[in-house]
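# Tertiary structure, described
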Amino acid sequence: MVDGAPNGGALIADVLAAQGVRFLFTLCGGHISPILVGAKHRGIRVVDVRDEASAVFAADAVARLTGVPGVAAVTAGPGATNAITAVKNAQLAQMPVVLLGGAAATILKGRGALQDIDQLALFRPHVKHAVSVGRVRDLPTAVTGAFRIAQRDVPGPVFVECPVDLLYEEREIRKWYAVDDAWGAGLAGRLRRLYLRRHLRNLFGGADRPAPAKCVAPEIPTPAERKVERAAAHLRGAHRPILLIGSQTLLEPEGVGELAAAVNQLGIPVYLSGSARGLLGREHRLQLRHRRREALRDADLVILAGVPCDFRLGYGRDINSRATLVAVNRSGRDLVQNRRPTVGVLGDPGRLLRRLAAAVPTPPECWDEWREQLHQRDRERNAQIDRLAAEDTEFINPLMLCQSIERALDDESVLVLDGGDFVATASYIVSPRRPLSFLDPGPFGTLGVGAGFALGAKLCRPEAEVWILYGDGSAAYSLAEFDTFARHGVPVIAVVGTDACWTQIARGQREMLKDDVGTVLRRTDYHRVAEGYGGAGLLVDRAEDVEGVLAEAKAAAKGGRAVLVNALIGETQFRKGSISL
């Protein structure tokens, strides 16, 4: 590399800037320092966290809310292994994330270098693509390719391994390699010097003429017209249709308004799941929330828009076996998993729904009675929830707490769910106000997403209230990120439902095995932990104080402080019989 040429970290930063990356999430390490410095110098905000998993979760949240792949950088060895759960979560949630990983110097691989492991073998099963770069001039091409692959077809994470000797300037690497030091006057010394110089020429050759950084546009798979026509024909003949919309349907954030309009025009009763929650606002005439299994068993046509027949649909058994099944998915595997559809459409679900609305512009009148029947079931379930929320429990009734949170939410808010029983209860009650305002782990069911998701969400939407709803089990995974919130000025609101138990597991374990071993916690002072990390902490243990404490939390967040509400909750029978398997 010639004097004055950018180092490898700067070349990577050029690519990130060209892709429109605004944030780089990281936990520092010597293997990746030039990437962080290069990003900062190009106006990319470098956000350092306390656990590598949180960095990947934050990048995942950015991808969900903006459509631009989120980016994280982790150091070699333990940095990479700490990130793997979050990477797997992004893979199963089908989210485009680019992970830049540090690595031992190319010349030291396999020779016992610090933190040197086979990282590609670790990541390959859990990403769309994993590559190790061997020359400085190939860094821009590899990182640009990562953005392209992450967004193409079924989105997912991509891992780019960047050995440390590709990231620093050549003169520094020559010092590390001790190329100009005496290796001895004999043949062995001359051969070592010859080998090192040749290796450096290969490493840095052409690095002063890198490929220009350019933005990569996502390639959206378009549904075939004949498939759209077949689906439309079945829909016109249906009397009791149901539409299920999943996260994959919102992979084009810029098209969310058109998508919501199309769903409204179609007039089909709709259930929203995952990141699709909030698509139609809070209370839409078509939106349903409860007793979905009953609706699917009564339906004569079901449209699965980005929803696979996995455990969440009883592996397809929840759907009426005689119903016409129209499935649209970017994944050919998910399209036919467990149950083959009547009409299977390989392509983007959002685009199919927009084209269906054009093909079936007027809903049949016979659907009105069907919609009313389903809404009546919702009203009955809501009345039952109201009755249960009014019951006395030790400490605060968790349903009543969720109802208070529902009333407290601003119209501009983002919900992050991280937990088991308390969070599952909240999903019946607390409603996202708008599209792209709901974040949960997805099918991997990962605990610990809370702080990372909230960090990414608040940075993308600084004007919004960002709420984390934690179970007390899951809260411990990411409480240390309150330090991150404080250092970076990210004022989120966290509510911990503290029942001193891994209740989602304990319910089934106590029922079937008559033992609560391993499920008992204590009513820990999580609010004091948040205070110790630089946030604000509030404790509430009486129902009559809940609304006032939530108002205090909102005020603290508006004042610029991250705040945690430790809400002591009691036990109800609301989710009795639920088993987490």
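The structure reproduced in this document is the subject of the present report. (Residues numbered from 1 in each chain as written. Predicted model: local features only at pLDDT ≥ 70, side-chain atom pairs only at ≥ 80, totals over all residues. Heavy atoms only, no water.)

### Describing the pairing of strand β17 (residues 536-540)
Where we set the bar: Burial classes follow relative accessibility: with a 1.4 Å probe on protein chains only, a residue under 20% of its type's maximum area counts as buried, one over 50% as exposed, and anything between as partly exposed. The way it works is that DSSP assigns letters per residue, a run of H or I at least four long becomes a helix, a run of E at least two long becomes a strand, and they are numbered from the N terminus. By definition, two strands form a pair when at least two bridges between them are found by DSSP. A crossover gets the label right-handed when its path from the first strand over the helix to the second runs clockwise, viewed with the strands pointing away from the viewer.
In terms of burial, β17 is largely enclosed, as four of its five residues are buried. In this structure, β17 lies alongside strand β18 (residues 563-568), joined through five bridges in parallel fashion. By the bridge assignment for β18, G537 is matched with L564. With helix α22 (residues 546-558) bridging β17 and its parallel neighbour β18, the resulting β-α-β unit is right-handed.

### Focus on empty space enclosed by the protein
Note the threshold: Grid points spaced at 1 Å and placed over the protein atoms alone form the basis of the search, with a cavity being a set where a 1.4 Å probe fits but cannot get out and a pocket an open set showing protein on both sides within 12 Å along at least five of seven lines. Lining residues have an atom within 4 Å of a point. Grid points are joined across faces, edges and corners, and a volume is the space filled by probe spheres set on the points. Under the scheme applied, nonpolar residues are Ala, Val, Leu, Ile, Met, Phe, Trp, Tyr, Cys and Pro; charged residues are Asp, Glu, Lys and Arg; polar residues are all the others, including Gly.
Counted according to the given criterion, the structure contains four cavities of 30 Å³ or more. Those elements that provide at least two residues to the lining of the largest cavity are α3 (52-66) and β14 (438-439). Counting residues per element, the lining of the largest cavity draws most heavily on α3, which supplies three residues. Here the lining of the largest cavity is composed, by residue class, of nine nonpolar, four polar and one charged. Taken as a whole, the second largest cavity spans an internal volume of roughly 50 Å³. Forming the boundary of the second largest cavity are L304, V307, P308, C309, L325, A327, N329, D334, L335, Q337 and R339. Looking at the lining of the second largest cavity, the elements that each hand over two or more residues are β11 (324-329) and α12 (332-336). The leading source of residues in the lining of the second largest cavity is β11, at three residues. Split into classes, the residues belonging to the lining of the second largest cavity amount to seven nonpolar, two polar and two charged.

### Section: helix α14 (residues 367-389)
Note the following rule: One less than the residue count of a helix, multiplied by 1.5 Å, gives the span that helix is expected to have. Throughout, a contact is declared for two residues whenever any of their heavy atoms are within 4.5 Å.
Spanning 23 residues, α14 covers 33 Å between terminal C-alpha atoms, matching the ideal 33 Å at 1.5 Å per step. Among the residues making up α14, those that are buried are W367, W370, R371, L374, H375, R377, D378, R381, I385, L388 and A389. Buried residues along α14 sit in contact with α9 (225-236), β7 (241-245), α10 (256-266), β9 (287-288), α11 (292-298) and α15 (398-408).

### Regarding the side chain of S478
If you trace the backbone, S478 turns up in helix α18 (residues 472-478). The residues touching S478, leaving out its near neighbours within four places in the chain, are D418, G448, G450, A451 and Y470.

### Re the pairing of β7
The buried fraction of β7 is high, at five of five residues. What you see with β7 is no split at all: P241, L243 and I245 on one side and I242 and L244 on the other are buried throughout. Relative to strand β10 (residues 301-305), β7 runs parallel, the two being bridged by five bridges. The partner of P241 across the bridge, within β10, is L301. Pairing of β7 with strand β8 (residues 270-272) involves three bridges; the strand directions are parallel. Bridge pairing in β8 links L243 to V270.

### Observations regarding α22
Spacing of three or four residues puts side chains on the same side of an α-helix, whose turn is 3.6 residues. Under the convention used in this document: Note that the arc is computed from the directions linking the helix axis to the C-beta atoms.
Between its terminal C-alpha atoms α22 stretches 18 Å, which fits the 18 Å expected from 13 residues at 1.5 Å a residue. Those residues of α22 lying buried are V546, V549, L550, A553, K554, A556 and A557. For α22, the angular spread of buried residues about the axis comes to 160°, placing them on one side. The secondary structure elements touched by the buried residues of α22 are α15, β15 (465-471), β16 (493-498), β17 and β18. At the C-terminal side of α22, G560 shows a positive phi close to 100°.

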